[in-house]
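# A closer look at the structure
Spelled out from the first residue to the last, the chains are:
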Amino acid sequence: RTEFVSTADQVYRFIHQGDQVRATDSHSLNDKSSRSHAIFQMRIIIGNRKTPVKLSLIDLAGSERAKKTKTDKKMLTEGANINKSLLTLAKCITALGAKAKR
């Protein structure tokens, strides 16, 4: 969704709202381990520039070692899914990098 803001406080409010709906779970190493990825993109207009600057903030879900976290079956499955999504992301970044070199 697109929202127009004009202050840093408004930006912070959107980041906070997004953080509140993220999937999290606790384990022996972390009380609030993120179980989902988050992307926050801003287009910032600076002065009289006609083209906005694009800033992306990305927080990837954690995937700690299962032995260290002493997790249950549900979190093991989530960890496997997180690892798959991170591998897919790595492949996308690699492909974009290769395309840019051409």
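To keep things clear, this report deals only with the structure shown in the data block. (Residues numbered from 1 in each chain as written. Predicted model: local features only at pLDDT ≥ 70, side-chain atom pairs only at ≥ 80, totals over all residues. Heavy atoms only, no water.)

### Considering the environment of Asn 83
- With respect to the helices and strands, the residue Asn 83 is situated in helix α3 (residues 73–101).
- The class of Asn 83 is partly exposed, set by a relative accessible area of 42%.
- Sequence separation between Asn 83 and Ala 61 is 22 residues; the distance between their C-alpha atoms is 9.2 Å. (Helix = DSSP H or I, 4+ residues; strand = E, 2+ residues; numbered from the N terminus. Buried < 20%, exposed > 50% of the residue type's maximum accessible area, 1.4 Å probe, protein only.)

### As for the layout of surface pockets
- When its volume is computed, the largest pocket comes out at roughly 900 Å³.
- Contributing to the lining of the largest pocket are 26 residues, with Arg 1, Phe 14, Phe 40, Gln 41 and Met 42 lying nearest its centre.
- Secondary structure elements with two or more residues in the lining of the largest pocket: α1 (8–20), β3 (38–44) and β4 (53–59).
- Broken down by element, the lining of the largest pocket gets its largest block of residues, seven residues, from β3.
- Partitioning the lining of the largest pocket into residue classes produces 12 nonpolar, eight polar and six charged. (1 Å grid on protein atoms, 1.4 Å probe; cavity = no way out; pocket = protein on both sides within 12 Å on 5 of 7 lines; lining within 4 Å. Points joined across faces, edges and corners; volume = space filled by probe spheres on them. Nonpolar A, V, L, I, M, F, W, Y, C, P; charged D, E, K, R; others polar.)

### Structural notes on a nonpolar patch on the surface
- Residues Ile 15, Ile 44, Ile 46, Leu 55 and Leu 57 make up a contiguous nonpolar surface patch of about 370 Å² in total accessible area.
- Within the secondary structure, Leu 57 sits in strand β4.
- Residue Leu 57 is classed as partly exposed on the basis of its relative accessible area, which comes to 37%. (Patch = residues over 30% accessible without salt bridge, like charges linked within 9 Å, V, L, I, M, F, W, Y side chains within 5 Å. Areas by Shrake-Rupley, 256 points an atom, 1.4 Å probe, with all protein chains shown as cover. Salt bridge = Lys/Arg side-chain N within 4 Å of Asp/Glu carboxyl O.)

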